[in-house]
Amino acid sequence: MTTAKRPARAGRRTTAASDARRALPRRAPLTARHPDPVLEVVVPVHNEENDLERCVRRLHAHLTGTFPYPFRITVADNASTDRTPHIAERLARELPDTAWLRLAEKGRGRALHTAWSRSSAPVLAYLDVDLSTDLAALLPLVAPLISGHSDVAIGTRLARGSRVVRGPRREIISRCYNGLLRGTLAVGFTDAQCGFKAVRRDVAERLLPLVEDREWFFDTELLVIAERAGLRIHEVPVDWVDDPDSRVDVLATALADLRGMARLGRALTRGRLPLTALHRTDGLDAGLPPALLPQLLRFAAVGAASTLFHLLLFLALRPATGAQAANALALLAAAVANTAANRRLTFGVRGRGGALRHQLKGLTVFLVGLALTSGSLAVLHRAAPGADPRVEPAVLAAANLAATVVRFLLLRAWVFPGHRSRRATGPSAS
């Protein structure tokens, strides 16, 4: 792979004009009379001989009966070794507006990337072959893209109005993953992993070359880049029933996702992605979520000041109240001040609206910090009962460092969830 050379200084002066020429045009609704397929639904499969025919026939019947535009269904077989390609080929012969393609390499992201890149339909979608998501949500998913309201649409199992049936293990994993995304990459969408998404083709043409992953992280990477570029993401609460026969390797997928998050975070922090090419010329979607690094620096400055305040107040109160009580009182005062400062300086929240709610959530975060710092004192007193009292501030400082990391993640993901006002949601989304 070759690396492009840095442009000359004279070339940099034309960057703004070039970006303007490359920017996406205004979103426009599709015409009511459209002779070619308006929607292409891709079903990525790998060794799905048991579910494929049931899925495609049910999807075809649903679209034929309810979808008001021409459509196409494409089965994207990525390196199946069972009867999946034979079933896909037969279905393409028997059902009108149905096609299939065969890929020699495995990877859901690879299948979607290939199928979407080849499509001429103005709206592209995909769903999982197990049909865990109720197909009644398909028209609400793609309608905002057809109307020109949004750029990307996703089904969400984590918004108010969603109805989900799944075991606690999958529920915990999903919520932890999406919470981690909010804490580290400041995403505003609620569910990155639901296998039910759609995108306008003009947007996909710009997005797909920027998405490196070809497996399970493909969805997340596409959504993060779209949101950072200021594109409008519509969320639809879905009814979703877990497939008990899922063969996804949860551990391997989780590790791959963590690597993908680290890679994408580095690329965003260093400005490697040409996000300006994804801006709309109408300028309505301008204003990107703040980069993680500047926000982290502001948080660190507030944290340093509140840690100093906590230690000074602790030293002032300890002679009268004892170590544990002094720590609790000092930490409570520091937590209130810290939440107020971060609200204004780090996360840019202005006005009194929601201030009480933010403080109550901040006090919950305070309890986590209290457990860490009080626990560290308890461990010190148990391990070294005769330790010099001057050791206590050092132990508290170390515990506060750990509490600060936890505080930042919780503030970013829960107390001040990132920039939700910049995304469009369904009527019941939260």
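In this text, all values refer to a predicted model and were calculated from it rather than measured experimentally. Residues take numbers from 1 onward in each chain, read along the sequence in its written order. The model is predicted, so local features are restricted to residues of pLDDT at least 70 and side-chain atom pairs to those at 80 or more, both for listing and for counting; the totals for chains, interfaces and linings are taken over all residues. Side-chain measures here rest on the full set of heavy atoms in the structure, leaving out hydrogens and waters.

A. Layout of the confidence of the model for the protein. The pLDDT value expresses, per residue, how confident the predictor is, ranging between 0 and 100. Chain-level pLDDT for the protein is 83 on average; 87% of the residues reach the 70-or-more range. Whether two residues are in contact is decided by their heavy atoms: any pair within 4.5 Å suffices. This model gives residues 284-290 a pLDDT under 50, and the stretch forms 21 contacts once residues within four places in sequence are excluded.

B. Quick peek at the packing of helix α12 (residues 323-346) against helix α13 (residues 355-383). At their nearest, the axes of α12 and α13 sit 8 Å apart, and the two run at 145° to each other. Where α12 crosses over α13, the two elements pack in a sense that is right-handed. In this count, Pro and Cys sit with the nonpolar residues alongside Ala, Val, Leu, Ile, Met, Phe, Trp and Tyr, while Asp, Glu, Lys and Arg are called charged and the others, Gly among them, polar. For the contact of α12 with α13, the class distribution of residues is 13 nonpolar, ten polar and one charged. Note on geometry: axes are lines fitted to C-alpha atoms, helical ones only across the stretch in contact, with angles between N-to-C directions running from 0 to 180 degrees. The helix count covers DSSP runs of H or I at least four residues long, the strand count covers runs of E at least two residues long, and both are numbered beginning at the N terminus. The hand of a helix crossing depends on one turn: near helix anticlockwise from the far one by less than a right angle means left-handed, and clockwise means right-handed.

C. Representation of α13. One fewer than the residue count of a helix, multiplied by 1.5 Å, yields its expected span. Given a rise of 1.5 Å per residue, 29 residues ought to cover 42 Å, and the 41 Å separating the end C-alpha atoms of α13 matches this to within 8%. Residue exposure (1.4 Å probe, protein chains only): buried if accessible area is under 20% of the type maximum, exposed if over 50%, otherwise partly exposed. Every buried residue of α13 is accounted for by His358, Gly362, Val365, Phe366, Gly369, Leu370, Thr373, Ser374, Ser376, Leu377 and Leu380. Contacts made by the buried residues of α13 are with α12 and α14 (391-415).

D. Molecular detail of the nonpolar core. By nonpolar core is meant a set of buried Ala, Val, Leu, Ile, Met, Phe, Trp, Tyr and Cys residues that side-chain atoms within 4.5 Å join together. Trp116, Leu181, Phe189, Ile225, Leu264 and Leu278 are the most contacted members of the largest nonpolar core, which totals 44 residues. The set of elements that each furnish at least two residues to this core consists of β3 (98-103), α5 (108-118), β4 (123-127), β5 (152-156), α7 (168-185), α8 (201-207), α9 (218-228) and α10 (250-269). Among the elements that line this core, the one with the most residues is α9, at six residues. Discounting chain neighbours no more than four positions away, the residues touching Leu264 are Leu185, Phe217, Glu221, Val224, Ile225 and Leu273. Core analysis: the next-biggest nonpolar cluster, separate from the first, contains 39 residues, Val38, Ile73, Ala137 and Val238 among them.

E. Main features of the pairing of β3. A pair of strands is labelled paired if DSSP reports no fewer than 2 bridges between them. Strand direction decides the pairing type here: strand β2 (residues 71-78) and β3, joined by six bridges, are parallel. Residue pairing across strands places Thr74 opposite Ala99, the latter belonging to β3. One crossover worth recording links β2 to the parallel β3 by way of helix α4 (residues 84-94), and it is right-handed. For the handedness criterion, the strands are oriented away from the viewer, and a crossover whose path from the first strand over the helix to the second runs clockwise is classed as right-handed.

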